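# Fold and geometry: a report
The lines below spell out each chain.
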Amino acid sequence: MRLRHIPGSEQQIAESPYVIGNPEEKKAHWADVFGNENPVHIEVGMGKGKFLMELAGMHPDINYVGIERYSTVLLKAIRKQEALKLPNLFFLREDAGTLADIFGPGEVAKIYLNFSDPWPKDRHAKRRLTSPRFMAVYDRILKPEGIVEFKTDNQELFAYSLQSVPEAGWNVDWHTFDLHHSEYGEGNVMTEYEAKFSAQGKPICKLTASRKAPVSKI
C-alpha cells in the first residue's frame, strides 16, 4: 500500500516532544527518558498507535515505546498523543533492524509485533519480523525472562512463524489460530488492523515466544 506523503511531516516529527531523536544516545539509559525504573515494552510497527495508547492508559506502571518507520503514519500517532499526553509513552521513527543500537542488553521486558508486513515472496523471508534474523535482534535487548507477542491475520505468515521462531532457538509458549474465540482472547487489546479484520470475519492468530532455557552442563 502506498502512503501519501504529508508535506512537512519530517519536521513535525523532529520537533515533537513525544518522539525521541538520536535514540542510540539513550541506549541503556531509557530509565532516564521516563524518569523511573518501570519495565519497558516496545511495539515494532505500531501504526497509528491505538494499541500502545490503550495499553499505556491501562498500565501507568509500564513504560511504552512505539516504533514506526513511516512518517505519515507516525504523524497520526503523534496527533493522538498530543491530545492524550500519556507520560509513559514515547515514539521512535526507526527500523526494527536498529533495535540493538537503541536498547541495551536486557533493557526491554516485552516486544509486540502486530500485523507486520508478511513479505510473501520467499526471497524476502529474512525481512519478516519473526525471521531468525530479527529474533536474534530481540534476543540482544530482551530481559532473560522477556517475551515476544505476535499477532497477524495472515495464515501463511503465522505458519512460517510457528516454524521460524523455534528454528531461531526460542520456545513458542502458546499459540492460537483464532484469538477472539479462544481462552486467550480475554483482556485482548486490539490494533486498528485487528478491529478491521475482525469485523470482516477474519480469524486472528497469536503466539507468544520466550527463550529456551540453557541446557545445564554436568
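Right above here is the structure, for reference.
Since the structure is predicted, the reported quantities are computational estimates derived from the model, not experimental observations.

What counts, and at which threshold
Residues numbered from 1 in each chain as written. Predicted model: local features only at pLDDT ≥ 70, side-chain atom pairs only at ≥ 80, totals over all residues. Heavy atoms only, no water. Helix = DSSP H or I, 4+ residues; strand = E, 2+ residues; numbered from the N terminus. Rg over C-alpha atoms; globule rule 2.2 N^0.38 Å. Buried < 20%, exposed > 50% of the residue type's maximum accessible area, 1.4 Å probe, protein only. Areas by Shrake-Rupley, 256 points an atom, 1.4 Å probe, with all protein chains shown as cover. Lys, Arg positive; Asp, Glu negative; His and termini not counted. Charge placed at Lys NZ, Arg CZ, Asp CG, Glu CD. Patch = residues over 30% accessible without salt bridge, like charges linked within 9 Å, V, L, I, M, F, W, Y side chains within 5 Å. Salt bridge = Lys/Arg side-chain N within 4 Å of Asp/Glu carboxyl O. Pairing = 2+ DSSP bridges. Axes fitted to C-alpha atoms, helices over the stretch in contact; angles between N-to-C directions. Contact = heavy atoms within 4.5 Å. Right-handed = clockwise from strand over helix to strand, strands pointing away. Phe/Tyr/Trp six-rings, centres within 6.5 Å; stacked < 30°, edge-to-face > 60°. Lys NZ or Arg CZ within 6 Å of the ring centre and 35° of its normal.

Quick look at the overall build of the protein now. Each helix and strand counted, the protein has 8 helices and 7 strands in total. Taken over C-alpha atoms, the radius of gyration comes to 17 Å for the protein, in line with the 17 Å a tight globule of 218 residues would show. If one aligns the C-alpha atoms of the protein with their principal axes, the spans along those axes are about 50 × 50 × 35 Å. Counting all 218 residues of the protein, 46% fall into the buried class. As displayed, the protein offers around 11,500 Å² of accessible surface, 52% of which is attributable to carbon and sulfur atoms. Of the charged side chains in the protein, 28 are positive and 29 negative; the average position of the first set lies 6 Å away from that of the second.

With that settled, the discussion passes to a positive patch on the surface. There is a patch of like positive charges on the surface, built from Lys121, Arg123, Lys126, Arg127 and Arg133. Relative to the helices and strands, Lys121 is located in the loop between strand E4 (108-114) and helix H6 (132-141). Judged by its relative accessible area of 45%, Lys121 falls in the partly exposed class.

Backbone geometry at Lys85 places phi at a positive 55°, although glycine is not the residue there. Inspection of the secondary structure assignment puts Lys85 in the loop between helix H4 (71-84) and strand E3 (89-92). A positive phi angle is found at Phe115, which is not glycine, with a value near 55°. Looking at the secondary structure, you find Phe115 in the loop between E4 and H6.

Taken in spatial order, the 7 strands make up an open sheet running E3-E2-E1-E4-E5-E7-E6, and their pairing is mixed. Looking at strand neighbours, the two that pair on one side only are E3 and strand E6 (170-176), the edges of this open sheet. Each strand of the sheet is rotated relative to its neighbour by a mean of 20°, with strand direction disregarded. Bridge count between strand E1 (residues 40-44) and strand E2 (residues 63-67): 5 bridges; the pairing is parallel. Its bridge partner lying in E2, Glu43 is registered against Gly66. Relative to E2, helix H3 (residues 50-58) is tilted by about 175°, and along the sheet it contacts E1, E2, E3, E4 and strand E5 (142-152). Strand contacts of H6: E1, E4, E5, E6 and strand E7 (205-211), with the helix running at about 140° to E5, the strand carrying the most contacts.

Glancing now at the pairing of E4. For E4, a buried count of 7 out of 7 residues is recorded, marking the element as mostly surrounded by other parts of the structure. Where E1 meets E4, 4 bridges bridge the pair, whose relative direction is parallel. When the bridges of E4 are listed, Ile42 appears paired with Ile111. With H6 bridging E4 and the parallel E5, this β-α-β connection has right-handed handedness.

As a further point, take the packing of aromatic side chains. Following the criterion strictly, the structure yields 9 aromatic pairs and no others. Here the aromatic rings of Trp30 and Phe103 are separated by 5.0 Å at their centres, their planes lie at 25°, and the arrangement is stacked. Here Trp30 is found in helix H2 (residues 30-34), whereas its partner Phe103 is found in the loop between helix H5 (99-102) and E4, with 73 residues between them in sequence. Residues Trp30 and Phe103 agree in their burial class; the two are buried. Summarising the aromatic geometry, the rings of Phe34 and Phe90 are spaced 5.3 Å apart at their centres and angled 65° between planes, so their arrangement reads as edge-to-face. Taken together, the residues span a long stretch of sequence, with Phe34 in helix H2 and Phe90 in strand E3 at a distance of 56 residues. With relative accessibility at 15%, the residue Phe90 sits in the buried group. Each member of the aromatic cluster is reached from another via a ring pair, and the members are Trp30, Phe34, Phe90 and Phe103. Looking at Arg128, its charged tip hangs above the ring of Tyr160, at a distance of 4.6 Å from the centre.

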